[in-house]
Amino acid sequence: KAEVLGMGNPLLDISATVQPEFLKKYGFKLGNAILAEEKHLPAYDELKKMEHVQYIAGGATLNSIRICQWCLQDRPGSTAYIGCIGNDENGKTLTDCVVADGVSPHFKITEEEKTGTCAVVIHDKERSLCANLAAANKYDLSHLQQDDIVKVYSSARIFYIAGFFLTVSAESAQSLGKHAAKENKIVCMNLSAPFIPQFFGEALSSVMPYIDYLFANESEAEAWAKANDMEGASLPEIAEKISSLPKENGQRKRVVVFTQGSKRTVVFNGDEHLQVDVLPIDPKLIIDTNGAGDAFVGGFLSLLLQDKPLKECVERGHQAARYIIQQSGATLTGKPDFLE
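Residues numbered from 1 in each chain as written. Predicted model: local features only at pLDDT ≥ 70, side-chain atom pairs only at ≥ 80, totals over all residues. Heavy atoms only, no water.

> It is not clear to me how the overall build of the protein chain should be interpreted in this structure. Could you clarify?
Counting secondary structure elements, the protein chain contains 13 helices and 14 strands. In terms of C-alpha radius of gyration, the protein chain reaches 18 Å, essentially the compact-globule figure of 20 Å for 340 residues. Seen through its C-alpha atoms, the protein chain measures out along the principal axes to roughly 55 × 45 × 45 Å. Restricting to contacts in the protein chain with at least 6 residues of sequence separation, those with at least 24 account for 73%. (Helix = DSSP H or I, 4+ residues; strand = E, 2+ residues; numbered from the N terminus. Rg over C-alpha atoms; globule rule 2.2 N^0.38 Å. Contact = heavy atoms within 4.5 Å.)

> Please clarify how the sheet that holds strand E13 (residues 263-268) should be interpreted in this entry.
Two strands in a sheet stick together by hydrogen bonds in their backbones, pointing the same way (parallel) or opposite ways (antiparallel). Strand order across the open sheet formed by nine strands is E6-E5-E1-E9-E10-E11-E12-E13-E14, with mixed pairing between neighbours. The two strands at the open ends of the sheet, each matched to only one other strand, are strand E6 (104-110) and strand E14 (273-276). Going from strand to strand, the sheet's axes swing by 20° on average, the running direction of each strand aside. Sheet topology places strand E12 (residues 255-260) next to E13; four bridges connect them, and they run antiparallel. What sits directly across from Val257, in E13, is Val267. (Pairing = 2+ DSSP bridges. Axes fitted to C-alpha atoms, helices over the stretch in contact; angles between N-to-C directions.)

> Can you help me understand the packing of aromatic side chains in this one?
How two aromatic rings sit relative to each other is given by the distance of their centres and the angle of their planes. For the coordinates displayed, the defined rule picks out 14 aromatic pairs. Measuring from centroid to centroid gives 4.4 Å for Trp70 and Tyr323, while their planes differ by 40°, and the two rings are tilted. On the criterion of sequence distance, the pair formed by Trp70 in helix H3 (residues 60-70) and Tyr323 in helix H13 (residues 310-324) is long-range, its members being 253 residues apart. Like Trp70, the residue Tyr323 is buried in the burial classification. In this structure an aromatic cluster arises from ring pairing among Tyr160, Tyr213, Phe215, Phe296 and Phe300. (Phe/Tyr/Trp six-rings, centres within 6.5 Å; stacked < 30°, edge-to-face > 60°. Buried < 20%, exposed > 50% of the residue type's maximum accessible area, 1.4 Å probe, protein only.)

> What is the right way to read the side chain of Ser192 from this model?
Structurally, Ser192 is set in the loop between strand E10 (186-190) and helix H8 (195-199). Polar side-chain contacts of Ser192 include one of 2.8 Å to the backbone nitrogen of Gly163. Side-chain polar atoms of Ser192 contact the backbone nitrogen of Phe164, separated by 3.5 Å. Dropping the residues within four chain positions of it, Ser192 is found in contact with Ala162, Gly163, Phe164 and Glu220. (Polar contact = N/O pair within 3.5 Å; in protein donor to acceptor, adjacent residues only side chain to side chain.)

> Any chance you could explain H13 here in plain terms?
Two residues of an α-helix separated by three or four positions point the same way, owing to the 3.6 residues in each turn. Taking 1.5 Å of rise per residue, 15 residues should cover 21 Å, and H13 covers 21 Å from first to last C-alpha, within 8% of that figure. Within H13, the full set of buried residues consists of Cys313, Val314, Arg316, Gly317, His318, Ala320, Ala321, Tyr323 and Ile324. (Expected span 1.5 Å × (residues − 1).)

> Before we go on, may I ask you to explain the pattern of salt bridges in this structure?
Any two side chains of opposite charge can pair if their charged atoms end up close together. This model, assessed by the stated rule, comprises twelve salt bridges. The salt bridge partner of Glu3 is Arg157, with a shortest N-O separation of 3.3 Å. Placement of Glu3 in the segment before strand E1 (4-7) and of Arg157 in the loop between helix H6 (147-155) and strand E9 (158-162) is noted, with a sequence separation of 154 residues between them. Relative accessible area serves as the criterion here: at 22%, Glu3 is assigned to the partly exposed category. With relative accessibility at 29%, the residue Arg157 sits in the partly exposed group. Note that Lys108 is salt-bridged to Asp140, the shortest N-O span being 3.3 Å. Of this pair, Lys108 sits in strand E6 while Asp140 sits in the loop between strand E8 (126-132) and helix H5 (141-144), and the two are 32 residues apart along the sequence. For Asp140, a relative accessible area of 28% corresponds to the partly exposed category. A single salt-bridge network, built from bridges that share partners, covers Glu3, Arg75, Arg157 and Asp307. (Salt bridge = Lys/Arg side-chain N within 4 Å of Asp/Glu carboxyl O.)

> So what exactly am I meant to see when it comes to the environment of Asp277 here?
Mapping Asp277 onto the fold places it in the loop between E14 and helix H12 (292-304). Separated by 66 residues in sequence, Asp277 and Ile211 have C-alpha atoms that sit 25 Å apart. Every residue in contact with Asp277, bar those within four places of it in the chain, is listed here: Arg264 and His318. A polar side-chain atom of Asp277 sits 3.0 Å from a polar atom in the side chain of Arg264.

> Whenever I open this one, helix H7 (residues 166-183) confuses me. Can you help?
The largest bend in H7 is about 40°, located at Ser172. Asn184 sits one or two positions beyond H7 and adopts a positive phi of about 55°. (Bend = angle between axes of the 7 residues up to and from the residue.)

If you want it as C-alpha cells, here you go:
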C-alpha cells in the first residue's frame with residue numbers, strides 16, 4: 001500500500017529549446033509558470049515541429065511523486081498518484097510512464113477533454129512553463145469519494161499537492177486535508193508559481209489550515225508576501241508568518257521551506273530558523289532547470305517518509321534537484337548516485 005500520495009494535474013510535457021524570439025512571441029518569461037490562454041495554443045504545435053522535441057510525463061505533483069519513488073528504490077510501491085486524464089494516446093503514454101517509474105496511478109478518465117499538456121520552453125538552461133490543463137481541469141471531489149480511491153488515501157500517511165491543483169479542485173484538497181488532520185497524517189503543499197498566491201489566494205487560504213509542510217521558491221514566497229501585506233519582508237520573516245497561520249492539527253507545527261536555486265535554502269520549523277547550504281555545481285554540467293523544484297520536494301518527501309531529521313530531508317532534496325538539472329526535464333534513469 002502506497003504511503004505517499006500525490007494529487008495534482010497530470011500533464012504530458014512537450015519540451016524543446018527555443019530562441020528568444022519564440023519567448024517574446026508568446027510572452028513567455030524564463031523561470032515562470034502560467035496557465036495557457038487562447039493566444040498560447042499555437043505554441044504547442046510549433047514546439048512539436050521543433051528538432052529534438054521531447055515528450056515527458058509531467059505536471060509538478062507527478063514529477064515530485066515519481067522522483068520520491070526513484071529515491072525509495074529499496075521500498076517499491078511506496079507512492080501513488082491521483083488526477084484526471086483524457087481517454088487518448090497521450091493519456092496512455094502518461095500512464096505507461098508513471099507505471100514504469102514505480103508509481104501507482106489512480107486516474108479519473110474523462111471523455112470531455114484530451115489529456116493535459118505543458119509547453120516546456122528552454123533557453124540558456126532556464127525554463128518557462130505554460131500548462132494547458134484540459135482533462136486535468138476535470139478532476140472533482142466525486143472521484144475522491146469513490147470506494148477504491150478512499151482505500152488509496154486511507155492507507156497513505158503523507159499527502160503532497162502542488163499549488164497548481166488549487167485552480168482545479170480546492171475542495172478535493174480540503175477533503176484530503178480534513179482526513180489528514182483527523183488521522184494525524186502529514187499534508188505537504190507547494191506554492192508552485194507566483195500566480196497562485198496572487199490570483200488564487202482564497203483557495204490557498206482555504207487549505208492552509210491543513211498544511212504541515214509548505215514549499216516555495218523565493219519568487220513564490222515574495223508573491224505570497226506581496227498578496228498578504230508583507231511586501232519587502234525577508235524570506236525568514238515570510239516563513240515565520242506562514243508557519244504561524246491558524247492550523248487544524250495542533251499536534252505538529254507548520255514547517256516552511258523556501259528554496260533559492262543555488263543559494264541556501266531557508267527553513268522555519270515552527271520554533272527556529274535553519275539555513276541549509278546548496279553544494280556548488282559546475283554550470284557546464286547543467287542541462288536545464290526544468291523540474292528542479294519538483295525534484296527537491298521528491299527527495300525531501302523520500303526522507304520525510306522515513307522520519308529523518310529536517311536538515312537531512314532538505315539535503316536529500318538538494319541532491320535530487322542537483323541530479324535533475326543535469327538531465328533534460330524530469331527524466332529518471334538507473335539508481336540515484338547519492339543513495340548510500
